[in-house]
Amino acid sequence: MSFMHDPTEAGPSNSALLRFPVERRTTPTPELIRNLLPEYGTVYNLLARHHLGDPPEPALVEAQGRRTGMKMLGDITLPADPQAAREDVTRWFQPLVERMVRRFSELRDLTWEAERQTRDEIWNEAYQARVASTTMIAWRTGTRLLAAWSVLDEALIAHADPSMGRIEQQATG
């Protein structure tokens, strides 16, 4: 995972320069979540290292997210104007995106703390297992969230396409 390294860099005079993580400097978006999402192999290896079992299969997690997206889509009515529809759905989905980005930020903090620990080996192993478990939860939640967003985004694209509207009208008419 790209953010599991020490957050400091050597500055020009060999002093430590603390860089704020990207999720604390930019507007939370689904694209940011995609960029911060740990890779499945990373999650798998972390869990295996600490004997915490296998993470769920990515296809199953994505299917859960798509089902959630379909349910969300069924709970809303899109305005006729495609731009207004996109703005409404984005505004409606934004709190979920912001919460997910906060989880990634918390995971980063937890990871940094684990890397700095100098306590005994048993305590450190427990802390590392907590990092692995939290990483899996962030991966699963982020994967589901992105799958749900993809359903909504696909619906918005179809909603904006006039030929799709005519097909929908013919199918329902």
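Since the structure is predicted, the reported quantities are computational estimates derived from the model, not experimental observations.

J.: Looking at this structure, I do not really get the overall build of the chain. What am I missing?
T.: A count of helices and strands for the chain gives 6 helices and 2 strands. Along its sequence from the N terminus, the chain presents helices and strands in the succession β-β-α-α-α-α-α-α. Counting every position in the chain, which comprises 173 residues, the buried fraction comes to 35%. Within the chain, contacts between residues at least 6 apart in sequence are counted, and of these 76% link residues at least 24 apart. Put simply, the chain shows about 10,700 Å² of open surface, and 53% of that area lies on carbon and sulfur atoms.

J.: I would appreciate a short explanation of the packing of aromatic side chains in the present structure.
T.: When we look at a pair of aromatic rings, we describe it by the centre distance and by the angle of the planes. The final tally for this structure, using the stated rule, is 3 aromatic pairs. Here F93 and W149 contribute two aromatic rings whose centre-to-centre distance is 5.0 Å and whose plane-to-plane angle is 40 degrees, an arrangement assigned as tilted. Placement of F93 in helix α4 (residues 82–116) and of W149 in helix α5 (residues 121–160) is noted, with a sequence separation of 56 residues between them. In this structure, F93 and W149 share a single accessibility class: buried. In this structure an aromatic cluster arises from ring pairing among Y40, Y44 and W139.

J.: Quick question: what am I supposed to make of the nonpolar core here?
T.: Here is a general trend for soluble globular proteins: nonpolar side chains tend to be buried in one another's company. Ranked by internal contacts, the top residues of the largest apolar core, which has 27 residues, are I33, F93, M100, F104 and L152. At the level of secondary structure, the elements contributing two or more residues to this core comprise α1 (30–36), α2 (40–49), α3 (58–74), α4 and α5. Counting residues per element, this core draws most heavily on α5, at 10 residues. Those residues within four positions of I33 in sequence are excluded, and the remaining contacts are V97, M100, V101, F104, G142, L145 and L146.

J.: Which parts of the structure should I look at to understand α3?
T.: Residues three or four positions apart in an α-helix share a direction because the helix packs 3.6 residues into each turn. Between its terminal C-alpha atoms α3 stretches 24 Å, which fits the 24 Å expected from 17 residues at 1.5 Å a residue. Of the positions making up α3, those classed as buried are V61, G65, G69 and M72. In an axial view of α3, the angular spread of the buried residues amounts to 80 degrees, which keeps them on one side of the axis. Exposed side of α3, more than 90 degrees from the buried face: A59, L60, R67, M70, K71 and G74 are the residues found there.

J.: Quick question: what am I supposed to make of the pattern of salt bridges here?
T.: If charged atoms from side chains of opposite charge come close, those side chains can pair. If you walk through the whole model with that rule in mind, you get 5 salt bridges. Here D75 ties to K71 by a salt bridge, and the two come within 3.3 Å at their closest N and O atoms. Each member of the pair, D75 as well as K71, carries the same accessibility label: exposed. Here D153 and R86 are joined by a salt bridge, their closest N and O atoms 2.9 Å apart. Of this pair, D153 sits in helix α5 while R86 sits in helix α4, and the two are 67 residues apart along the sequence. We classify R86 as partly exposed; its relative accessible area is 27%.

J.: How do you make sense of unusual backbone geometry when you look at a structure like this?
T.: Even without being a glycine, H51 presents a positive backbone phi close to 55 degrees. Within the element layout of this structure, H51 appears in the loop between α2 and α3. According to the relative accessible area criterion, H51 is exposed, its value standing at 73%.

J.: Before we go on, may I ask you to explain the environment of I137 in this structure?
T.: Mapped onto the elements of the fold, I137 is located in helix α5. Sequence separation between I137 and V43 is 94 residues, and the spatial gap between their C-alpha atoms is 9.4 Å.

Cut-offs applied
Per chain, residue numbering runs from 1 following the sequence as it is written. It should be noted that, the model being predicted, local features are given only for residues of pLDDT at least 70 and side-chain atom pairs only at 80 or more, the latter also being counted only at that level, while totals for whole chains, interfaces and linings use all residues. Side-chain measures here rest on the full set of heavy atoms in the structure, leaving out hydrogens and waters. The numbering of helices and of strands both runs from the N terminus, where a helix is a DSSP run of H or I of at least 4 residues and a strand a run of E of at least 2. Exposure is judged per residue with a 1.4 Å probe applied to protein chains only, and the accessible area is read against the type maximum: over 50% gives exposed, under 20% gives buried, and values in between give partly exposed. Contacts: residue pairs with any heavy atoms within 4.5 Å of one another. For accessible areas, the Shrake-Rupley method is used with a probe of radius 1.4 Å. Any residue's cover is judged against the shown protein chains and nothing else. Any two rings among Phe, Tyr and Trp, with Trp reduced to its six-membered ring, count as a pair given centres within 6.5 Å; such a pair is stacked if its planes are under 30 degrees apart, edge-to-face if over 60, and tilted if neither. Here, the term nonpolar core denotes a set of buried Ala, Val, Leu, Ile, Met, Phe, Trp, Tyr and Cys residues that are joined through side-chain atoms within 4.5 Å. Expected helix span is given by 1.5 Å per residue-to-residue step, counting one fewer step than there are residues. Think of the arc as the fan of directions from the helix axis to the C-beta atoms. By salt bridge we mean one thing: a side-chain nitrogen of Lys or Arg within 4 Å of a carboxyl oxygen of Asp or Glu.

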